Amino acid sequence: MASISSFSVPSLPKSQSQDPDSSCSGKRNDRNSSCCFPPSFERRKMILSSAAVIAGGFCNGGVSLASEFADMPALRGKDYGKSKMRYPDYVETESGLQYKDLRPGNGPKPKKGEIVVVDWDGYTIGYYGRIFEARNKTKGGSFEGDDKAFFKFRIGSQEVIPAFEEAVSGMSLGGVRRIIVPPELGYPESDYNKGGPRPTTFSGQRALDFVLKNQGMIDKTLLFDIELMKIIPN
C-alpha cells in the first residue's frame, strides 16, 4: 500500500509547538519577558504556512498543494487559526470528505451488512503530518513490533468514524484510497475509543490523542490511506 511516511516536515522550536513534551505552556518567559507563543495574527500565519509546507511535501505521493481556502464559520472568533483546505485533484463529497484513488480496485464494492477487511495508515495532516498508524514500521522506531493485524468492520454498523465508513463503502475490492478527514467526520467527541479505526501502538495512540484532545490551535484534520483487502458476505 502506498505510504507517505517518507516525507519530511520541518521541526519548530519548542516555543512554537504545543508538543506533549514541551515545557512551554503559553505563560510569560522570565528570561526575556516575552510570551512563548506569537500574537494571534502571527499564529494564524504560522499554522497556514506549516499546512502549506505539509501539503507540498505530499506531492510525490499524489497530494497537491491546496489552491483554495474555504471559510469555516464555526471557527470564527475561536482563534484556531485554520481554514479548511480544498485539494483540486481530490473529489469532494457532499459531506465534506475529500478522497483520491491511488489505485482503483477491480473487484466488487461492499454492501451494507458485509464485513470488510482493510489495511490503513493514519497521519495528523493538520499537525505537522505526524504519523499515528503505520503499516511499514521503521526498525528501531516507535512503531517497531509484530506486524499488525488487518482491521475489519461491518458496513453500516457505525463501528468506524463517518469518513472511514463513507470512503470504504465507495471503494472497489483491491483498491487503495487516500482520504482527507475534517474534524466533523472524524472521531466522535475527539475520542478514538468511541469509533474505529484505532491506533495499534502506544506511540500512535499518544500522537493521535494529543491532537484530538488539544483545545488550542491544533488543527485536527486527518489523512488516511486505506486498502480494501477483502469483503466477507453475510
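Above this text is the structure in question.
Residues numbered from 1 in each chain as written. Predicted model: local features only at pLDDT ≥ 70, side-chain atom pairs only at ≥ 80, totals over all residues. Heavy atoms only, no water.

A. Looking closely at the pattern of salt bridges. Throughout the structure, instances matching the rule amount to seven salt bridges. As a salt-bridge pair, Lys100 and Asp89 come within 3.1 Å of each other at their nearest N and O atoms. Separated by eleven residues along the polypeptide, Lys100 in strand β6 (residues 98-103) and Asp89 in the loop between β4 (84-86) and β5 (91-92) bring together distant segments of the chain. Of the residues examined, Lys100 reaches a relative accessible area of 21% and is grouped as partly exposed. Residue Asp89 is classed as partly exposed on the basis of its relative accessible area, which comes to 28%. Glu227 is paired through a salt bridge with Arg103; the nearest N and O atoms lie 2.8 Å apart. Of this pair, Glu227 sits in strand β11 (residues 222-232) while Arg103 sits in strand β6, and the two are 124 residues apart along the sequence. The class for Glu227 is buried, based on a relative accessible area of 10%. Taking the relative accessible area as the measure of exposure, Arg103 reaches 37% and is therefore partly exposed. (Salt bridge = Lys/Arg side-chain N within 4 Å of Asp/Glu carboxyl O. Helix = DSSP H or I, 4+ residues; strand = E, 2+ residues; numbered from the N terminus. Buried < 20%, exposed > 50% of the residue type's maximum accessible area, 1.4 Å probe, protein only.)

B. Structural context of the packing of aromatic side chains. According to the stated counting rule, one finds eleven aromatic pairs in the structure shown. Each ring, one from Phe164 and one from Phe224, has its centre 5.7 Å from the other, and the planes form 85 degrees; the classification is edge-to-face. Placement of the pair is Phe164 in helix α2 (residues 162-169) and Phe224 in strand β11, with a sequence separation of 60 residues. In this structure Phe164 comes out as buried when scored by relative accessible area, which is 0%. Taking the relative accessible area as the measure of exposure, Phe224 reaches 0% and is therefore buried. Every member of this aromatic cluster is reached through a ring pair, and the members are Trp120, Phe132, Phe151, Phe153, Phe164 and Phe224. Over the ring of Tyr99 we find Arg177, and its NZ or CZ is 4.0 Å from the ring centre. (Phe/Tyr/Trp six-rings, centres within 6.5 Å; stacked < 30°, edge-to-face > 60°. Lys NZ or Arg CZ within 6 Å of the ring centre and 35° of its normal.)

C. Highlighting the side chain of Asp219. With respect to the helices and strands, the residue Asp219 is situated in the loop between α3 (202-213) and β11. On the basis of relative accessible area, Asp219 is assigned to the buried category, the value being 12%. Among the polar contacts listed, one links the side chain of Asp219 to the side chain of Thr221, at a separation of 3.0 Å. (Polar contact = N/O pair within 3.5 Å; in protein donor to acceptor, adjacent residues only side chain to side chain.)

D. Main features of unusual backbone geometry. The omega angle of the peptide bond from Gly196 to Pro197 is -5 degrees, so this bond is cis rather than trans. Note on placement: Pro197 falls in the loop between β10 (176-181) and α3. Notably, Gln158 is not glycine yet its phi reads approximately 60 degrees, a positive angle. Tracing the backbone through its elements, the reader meets Gln158 in the loop between β9 (151-154) and α2. The phi dihedral of Glu189 falls on the positive side, at around 55 degrees, and the residue is not glycine. Note that Glu189 resides in the loop between β10 and α3. Judged by relative accessible area, which is 65%, Glu189 ranks as exposed.

The quantities given are spatial measurements derived from coordinates; they are silent on function.
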